[in-house]
Amino acid sequence: MEKFIPREKLGKKARKQLDNEKRTTWEHSPATRRIESKKLYNRNRKSHDRFDGGYGVSCV
């Protein structure tokens, strides 16, 4: 069992390690994300991706 040492008495590296252990990271960014409008032109998007149809009919 480790001996308890107050944070104030720890060295700089030990304090940094302790802070990193306590710090948590988010699974996702908490910032609100804006959904792009599909009506806007985007050069990087394929043209057939814009027209998803949704009827299940394939042109053969």
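Look a little higher up for the structure.
Residues numbered from 1 in each chain as written. Predicted model: local features only at pLDDT ≥ 70, side-chain atom pairs only at ≥ 80, totals over all residues. Heavy atoms only, no water.

Undergrad: Any details on the overall build of the protein? Residues and values, ideally.
TA: A count of helical and extended segments in the protein gives two helices and zero strands. Counting the 60 residues in the protein, one finds 2% classified as buried. Approximately 7,300 Å² of the protein is accessible, and the part contributed by carbon and sulfur atoms is 52%. (Helix = DSSP H or I, 4+ residues; strand = E, 2+ residues; numbered from the N terminus. Buried < 20%, exposed > 50% of the residue type's maximum accessible area, 1.4 Å probe, protein only. Areas by Shrake-Rupley, 256 points an atom, 1.4 Å probe, with all protein chains shown as cover.)

Undergrad: Mind laying out the pattern of salt bridges, listing which residues take part and the relevant values?
TA: A complete count under the given rule lists one salt bridge for this structure. For Asp19, the salt bridge identified is with Arg7, shortest N-O distance 2.7 Å. Placement of the pair is Asp19 in helix α1 (residues 12-22) and Arg7 in the segment before α1, with a sequence separation of 12 residues. A relative accessible area of 38% places Arg7 in the partly exposed class. (Salt bridge = Lys/Arg side-chain N within 4 Å of Asp/Glu carboxyl O.)

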